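Chain and residue survey
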Amino acid sequence: FPTVPVERLHMLLNNRIVTFNPETIITPAGTIPAEIYLLLAGKVEMLTQDPSNSHFLFSGSLLAEPAAIYDQPSDETYRSVGFVKALRLPSDLYRNFIERFYSSTDLLAVRKVEERLRRTFLFSDAVTSTTLFSLAKSCTITELHAGESFLGDTEQLHLIGKGRLSMGDQEGAPVLGKGEFWGSDVLFQAMSPEAKEQQTNAEPQPSAIALDSCEIYSVPLRLVSRIPVVRWKLFEAFRNTHPHAAPRY
């Protein structure tokens, strides 16, 4: 909170640190939380009605933040995995803090993008909330109807959040579905100056075609490349699709 007066920040952070035993329900779904928690150490599982959307949270994460800001029942259950230490924040104090120093609408809009990214394979585990928040602020979400085309920026990684895309309009073009991505190969291709020049002068890649309603998340490659666990997942995907390549990691 760089723009907040220090004394106001102390009021928020001068609260009790609590420890949760393994498998403890910290905040259950369906109830309005009287307090939220800033995760300091350990790992927490966020459980949703759709098991495929459940994922883990790490230090720096705020548990049940949307429910606290809107003063409404939480949509998720938060359960400790192993021993967890967290800073307890009364919901009314946190809500007043956000209303005074931030736009709750803007903050939650970024949080929603953050949650969408967190529910994907690439960003599901071992990505800190601070890093994910930075990605979410830089993320562009494109919604397509069936038949619409998409030509992605070559400086971005593109990930399908919903639907299916045909990677070109020719017969037999590969089809990508939810959770699949493209645009990261450049991170692992060692090119000579001649090869780079040929790539620059080459014909532009064909547009992707939506086969049904699609949602595409686009994030800058320069940010993605700095996240070790995500870079490794991208490397594994590159190695699977280019078995004879000798990429640099």
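Refer to the structure above for everything that follows.
The notes below deal with the structure included here. (Residues numbered from 1 in each chain as written. Predicted model: local features only at pLDDT ≥ 70, side-chain atom pairs only at ≥ 80, totals over all residues. Heavy atoms only, no water.)

What about the overall build of the protein chain?
Cut-off, in case you're wondering: Numbering of helices and strands starts at the N terminus; helices are DSSP runs of H or I of at least 4 residues and strands are runs of E of at least 2. Burial status follows relative accessibility: with a 1.4 Å probe on protein chains alone, a residue under 20% of its type maximum counts as buried, one over 50% as exposed, and anything between as partly exposed. Contacts are assigned to residue pairs with any non-hydrogen atoms lying within 4.5 Å of each other. Here the open area of atoms and residues is found with the Shrake-Rupley method and a 1.4 Å probe, where only the protein chains shown may cover a residue.
Along its length, the protein chain carries 8 helices and 14 strands. Within the span of the protein chain, comprising 249 residues, buried residues form 40% of the whole. Here the contacts in the protein chain between residues at least 6 apart in sequence split such that 75% fall between residues at least 24 apart. Roughly 13,800 Å² of accessible area belongs to the protein chain as shown, and the carbon and sulfur atoms make up 52% of that amount.

Describing the sheet that holds strand S7 (residues 140–144)
Spelled out, the test is: Any two strands between which DSSP finds at least two bridges are classified as paired.
Strand order in the open sheet made by the 4 strands is S7-S14-S9-S12, with antiparallel pairing throughout. The strands lining the two open edges of the sheet, one partner per strand, are S7 and strand S12 (181–182). Looking at chain direction, strand S9 (residues 156–162) and strand S14 (residues 214–220) are connected through 6 bridges and run antiparallel. Paired with Leu-157 across the two strands is Val-219, which belongs to S14.

A look at the pattern of salt bridges
What counts here: Should a side-chain nitrogen of Lys or Arg be within 4 Å of a carboxyl oxygen of Asp or Glu, the pair is scored as a salt bridge.
For the coordinates displayed, the defined rule picks out 6 salt bridges. Of the charged contacts, one joins Glu-236 and Arg-239 as a salt bridge, the two residues approaching to 2.8 Å between their closest N and O atoms. Within this pair, Glu-236 and its partner Arg-239 are both found in helix H8 (residues 228–241), separated by 3 residues, close to a single helical turn. Residues participating in the shared-partner salt-bridge network are Glu-23, Glu-45 and Arg-79.

Some words on the nonpolar core
Selection rule: To define a nonpolar core, start from buried Ala, Val, Leu, Ile, Met, Phe, Trp, Tyr and Cys residues and group those joined through side-chain atoms within 4.5 Å.
Residues Leu-117, Phe-123, Leu-135, Leu-157 and Leu-234 are the most contacted members of the largest nonpolar core, which totals 25 residues. Among the elements of the structure, helix H4 (104–118), helix H5 (129–138), S9, S14, helix H7 (221–224) and H8 are those that each provide at least two residues to this core. With 4 residues, the top contributor of residues to this core is H8. Ignoring any residue separated from it by four or fewer positions in sequence, one finds Leu-234 in contact with Leu-122, Leu-157, Phe-181, Ser-184, Leu-187, Phe-188 and Val-224. Ranked by size, the runner-up nonpolar core spans 24 residues in total, among them Tyr-94, Ile-98, Leu-107 and Leu-108.

Concerning the side chain of Lys-233
Secondary-structure assignment places Lys-233 in helix H8. When near neighbours in sequence (up to four residues on either side) are disregarded, Lys-233 contacts Phe-121, Leu-122, Ser-124 and Asp-125.

Quick word on the side chain of Glu-215
Of note, Glu-215 is situated in strand S14. We classify Glu-215 as buried; its relative accessible area is 10%. Setting aside its immediate chain neighbours within four residues, Glu-215 contacts Arg-116, Ile-141, Thr-142, Glu-143, Leu-159, Ile-160, Gly-161 and Lys-162.

Topic: the sheet that holds strand S13 (residues 208–210)
Across the sheet, which stays open at both edges, the 4 strands sit in the order S8-S13-S10-S11 with antiparallel pairing between neighbours. Edge positions in the sheet fall to strand S8 (149–150) and strand S11 (175–176), since each has one partner strand and no second. Of the pairings in the sheet, the one linking strand S10 (residues 165–166) to S13 comprises 2 bridges and is antiparallel in character. Residue pairing for S13: Leu-165 is matched across the bridge by Ala-210.

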